[in-house]
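# Structural features, examined
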Amino acid sequence: MSDTPYADLDPDRILDAVESLGLHADGRVLALNSYENRVYRIGIEGEAPLVAKFYRPGRWTDAAILEEHAFAAELLAADLSVVAPLQHAGATLHAFGGHRFALFPMRGGHAPELGDRAVLTHLGRVLGRMHAVGDGQRFAHRGRIGIESHGEDAVHYLLENRWLPPDLEGNFERLAEALFDAMDACADRAGDVRELRLHGDCHPGNILWRDGQAHFVDLDDCLTGPAVQDLWMLAGRREDCAKPWAWLLEGYEQFRRFDRRELHLVETLRTLRLLHHNAWIARRWHDPAFPAAFPWFEAPRHWESVITQMQEQLAALHEPPPEPA
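Here is a short report on the structure shown in this document. This one's a predicted model, so the numbers in the text were calculated from it and none came from an experiment.

All right, on to the packing of helix α5 (residues 166–190) against helix α7 (residues 266–283) then. Running from amino to carboxyl end, α5 crosses α7 at an angle of 145°, the nearest separation of the two axes being 10 Å. Judged by the sense of rotation from one axis to the other, the crossing of α5 with α7 is left-handed. Seen from α5, the contacting residues are Leu 179, Phe 180, Met 183 and Cys 186; seen from α7, they are Thr 268, Thr 271, Leu 272 and Leu 275. In the contact of α5 with α7, the residues fall into 6 nonpolar, 2 polar and no charged.

This part is about helix α6 (residues 242–252). α6 sits mainly inside the fold: 8 of its 11 residues count as buried. Buried within α6 we find Pro 244, Trp 245, Ala 246, Trp 247, Leu 248, Leu 249, Gly 251 and Tyr 252. Looking at the packing, one finds that the buried side of α6 touches α3 (117–134) and α7.

Turning next to the packing of α3 against α6. Closest axis-to-axis distance for the α3/α6 pair is 6 Å, and the angle between their directions is 45°. Considering their axes alone, α3 and α6 lie oblique with respect to each other. Helix-helix and strand crossings are classified by hand; for α3 and α6 the assignment is right-handed. Between α3, through Arg 117, Leu 120, Thr 121, Leu 123, Gly 124, Arg 125, Leu 127, Gly 128 and His 131, and α6, the contact on the second element is made entirely by Pro 244, Trp 247, Leu 248, Glu 250, Gly 251 and Tyr 252. In terms of residue class, the contact of α3 with α6 is built from 7 nonpolar, 5 polar and 3 charged.

Parameters at a glance
- Residues numbered from 1 in each chain as written.
- Predicted model: local features only at pLDDT ≥ 70, side-chain atom pairs only at ≥ 80, totals over all residues.
- Heavy atoms only, no water.
- Axes fitted to C-alpha atoms, helices over the stretch in contact; angles between N-to-C directions.
- Helix = DSSP H or I, 4+ residues; strand = E, 2+ residues; numbered from the N terminus.
- Left-handed = near helix turned anticlockwise from the far one by under 90°.
- Contact = heavy atoms within 4.5 Å.
- Nonpolar A, V, L, I, M, F, W, Y, C, P; charged D, E, K, R; others polar.
- Buried < 20%, exposed > 50% of the residue type's maximum accessible area, 1.4 Å probe, protein only.
- Parallel < 35°, antiparallel > 145°, perpendicular 65-115°, else oblique.

This is the structure in structure tokens:
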């Protein structure tokens, strides 16, 4: 795979790709906030604008992308508000000039107010419904979240490619091993929890709040895992999360029972996100968009901050799980 997979994706090629589906673009192309893929707002003559997402070459197989699309369509059919890809000529995934892309309707909104009980209860209800659908089938081509895939692989990549300043490598490696042991212990306390199809990256930026309703976007990271993966990022930090957890689960359990043992996994999932995120940036560093977006990533101060966060997570992993108020 090329180190600069989008080097040839200029406005003319973007418009040609969209018009290859029989649409008539009006020439307006606006890049939207996305790093893993490339996403653009495209003006369409006489119609509402569309969003074109060009998938990163080599990341997903066609089968995995189509499974993402099918999951979005299944959620939409269950009357859940997700932004699902549009069909053109009977297909949702298209190819043009060596790129794979999909078109989506344009949706507006803002991030939800996570300190509001009504908002969190509503989000809980929507996620309960989403997980009821997600539990009905299994992914065949998507990944699953786990300590090895999102933690150990990330640490090995960062160390093997010498991303840590030399004087921090030893501390990083020792902390990582301690974190893996602590996460294994948390998994033992949680026991054999049920896994299902998830949104996978359910942070507030992937939820559009409009007219008192939540609209979920970006299923690009949908995967298999425990239900709590789609909940923990909405509940805040440990010191003030008792009420948010209670409000989320108040709504969630109107549609699906939540296994409280999964709360033992919250800090594990937070730790995995920290490790995986840093390895993700490192793996994409040859893409010019990443040094521009994360200019601090190579600085020793950043890695000192990562070490501090790892220490905090090690302490959190040894504390009792959150208790909904």
